[in-house]
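Overview (structure and organization)
Read off the chains here:
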Amino acid sequence: MLATALVATMAAGLTAAAGPVPADGLAAARQRGELVVGVPYLAPAPVAGAKIRTPEGLDAAMAEKLAQELGLPFSLRQVAAADAARLLAAGEVDVVLADRSLPAAQPLPADVAALSTGYAARPKAVIRSDTAMRRPADARGRSVCMAEAAVGAQALAQSWGAVVRTYRVPSDALVAVREGSCDIGLIDDAVWEPLMRFPEWKKFSATVAADGARHERVWLLPAKDTATQAWLGERMREWSRAGAWKALPAKWARDVAFDVYLDQEVADCHG
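The notes below deal with the structure included here. Every value quoted in this text rests on a predicted model; they were computed, and no experiment measured them. (Residues numbered from 1 in each chain as written. Predicted model: local features only at pLDDT ≥ 70, side-chain atom pairs only at ≥ 80, totals over all residues. Heavy atoms only, no water.)

Secondary structure summary: the protein contains 9 helices and 9 strands in total. Counting every position in the protein, which comprises 271 residues, the buried fraction comes to 42%. Partitioning the contacts of the protein with sequence separation of at least 6, the portion at a separation of at least 24 is 78%. About 13,600 Å² of surface is accessible on the protein, with carbon and sulfur atoms providing 57% of the total. (Helix = DSSP H or I, 4+ residues; strand = E, 2+ residues; numbered from the N terminus. Buried < 20%, exposed > 50% of the residue type's maximum accessible area, 1.4 Å probe, protein only. Contact = heavy atoms within 4.5 Å. Areas by Shrake-Rupley, 256 points an atom, 1.4 Å probe, with all protein chains shown as cover.)

Evaluation of the coordinates by the stated rule reveals 1 disulfide. Across a sulfur-sulfur distance of 2.0 Å, Cys145 and Cys182 are joined as a disulfide pair. Residues Cys145 and Cys182 are joined by a disulfide whose S-S torsion is about 110 degrees; by sign, that bridge is right-handed. Here the residue Cys145 occupies a position in strand 6 (residues 143-147), and Cys182 occupies one in the loop between helix 6 (170-179) and strand 8 (184-188), the gap between them amounting to 37 residues. Grouping residues by exposure puts Cys145 and Cys182 together as buried. (Disulfide = S-S within 2.5 Å.)

Within the largest apolar cluster, 46 residues are counted, with the highest numbers of intra-cluster contacts made by Trp201, Trp219 and Leu232. For this core, the leading source of residues is helix 9 (residues 244-263), giving 8 residues. Excluding anything up to four places from it in sequence, Trp201 contacts Val126, Leu174, Arg178, Leu195, Met196, Ala257 and Val260. Ala139, Leu156, Ala157 and Val208 belong to the second largest nonpolar core, which has 16 residues in total. (Core = buried A, V, L, I, M, F, W, Y, C linked by side-chain atoms within 4.5 Å.)

The element strand 1 (residues 35-39) is extensively covered by neighbouring structure, given that 5 of its 5 residues are classed as buried. Of the two faces of strand 1, the one holding Leu35, Val37 and Val39 and the one holding Val36 and Gly38 are both buried throughout. Where strand 1 and strand 2 (residues 74-78) come together, 5 bridges link them in parallel fashion. Within the sheet, the bridge partner assigned to Gly38 lies in strand 2 and is Arg77. Regarding topology, helix 3 (residues 59-70) serves as the crossover connection from strand 1 to the parallel strand 2, and that connection is right-handed. (Pairing = 2+ DSSP bridges. Right-handed = clockwise from strand over helix to strand, strands pointing away.)

Turning next to the sheet that holds strand 1. The 5 strands are arranged 2-1-3-9-4 in an open sheet whose pairing can be described as mixed. Either end of the sheet is taken by a strand with one partner, and the two such strands are strand 2 and strand 4 (112-121). The mean inter-strand angle of the sheet, taken between neighbouring strand axes irrespective of direction, is 30 degrees. (Axes fitted to C-alpha atoms, helices over the stretch in contact; angles between N-to-C directions.)

A separate point is the pattern of salt bridges. Within the structure shown, the criterion is met by 17 salt bridges. A salt bridge links Asp255 to Lys251; its shortest N-O distance comes to 2.8 Å. On the criterion of helical spacing, the pair formed by Asp255 and Lys251 is a turn pair, its members being 4 residues apart in helix 9. One connected set of salt bridges, linked through shared partners, spans Glu234, Arg237, Glu238 and Arg241. (Salt bridge = Lys/Arg side-chain N within 4 Å of Asp/Glu carboxyl O.)

Turning to the sheet that holds strand 6, a few remarks are in order. What the 4 strands build is an open sheet, ordered 5-8-6-7; its pairing is mixed. At either end of the open sheet lies a strand with only one pairing partner, and these are strand 5 (123-126) and strand 7 (163-167). Neighbour to neighbour, the strand axes of the sheet diverge by 30 degrees on average, direction disregarded. By the bridge criterion, 2 bridges tie strand 6 to strand 8 in an arrangement that is parallel. Bridging across to strand 8, Cys145 finds its partner in Gly185. Of the strands in this sheet, strand 5, strand 6, strand 7 and strand 8 touch helix 5 (residues 151-159), which is tilted by about 170 degrees from strand 6. Helix 6 rests against strand 5, strand 6, strand 7 and strand 8 of the sheet, and its axis sits at about 155 degrees to strand 6.

Relative to each other, helix 7 (residues 189-196) and helix 9 sit at 60 degrees, their axes nearing to 8 Å. Classified by the angle their axes make, helix 7 and helix 9 are oblique. With respect to the hand of their crossing, helix 7 and helix 9 are arranged in right-handed fashion. Across the interface between the two elements, Ala190, Val191, Pro194 and Leu195 from helix 7 touch Pro249, Ala250, Trp252, Ala253 and Ala257 from helix 9. Of the residues that constitute the contact of helix 7 with helix 9, the class distribution is 9 nonpolar, no polar and no charged. (Parallel < 35°, antiparallel > 145°, perpendicular 65-115°, else oblique. Left-handed = near helix turned anticlockwise from the far one by under 90°. Nonpolar A, V, L, I, M, F, W, Y, C, P; charged D, E, K, R; others polar.)

Here it is in structure tokens:
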């Protein structure tokens, strides 16, 4: 009896530390034993034996953090925003991360609710400091590289008249910049600054003036599931209070910098 009471007390303490569990909306995830998170894009899986590299953006990190709040493992599934309502209603995904321009370009379907994460970004250029490129117009005809998942960066580079080149993961695009086979790299401005703090990135810390619309990641949930919306909204406020939108980009930058270090095969172009 004493041992049972002790276990119950410990479990209650862990639940309290992670925040209250949502009343009903994520019951399927708990029953399944896994949180399934829809994301806008999943990079192709690496071939057998290939190195695992950090994916574009913070989707995987956000999904992992949310799963930790629930004490569950997680998996990712590629979900277009137009399919979110159907897959949520069918229980095939528990929650969906989607991209929304600021201000929103179009309204959501009536049966879907969007919750702000607090994370918003737009593409920012990574350029060698010893080049003359400093304006978006300077990118015309130049090679601009980014991850396949960075659709906003691709659209921005196309608007500049650049030659767009995409790579499976962001470190591949940044290696191309460092080795001189690409003129400009594009990554989110939220992760640009922490990446440039590393000494080895100082000579790649030139950029161009801010351009393009900011986009926010939002959680999509069934509109009728107000209980989970309230729970998740409180989690997002807690993440902001705890500094998640500094910590997660800083970790991404550190991981990608290490990926580039491992992958770069030749010295930086021009020394």
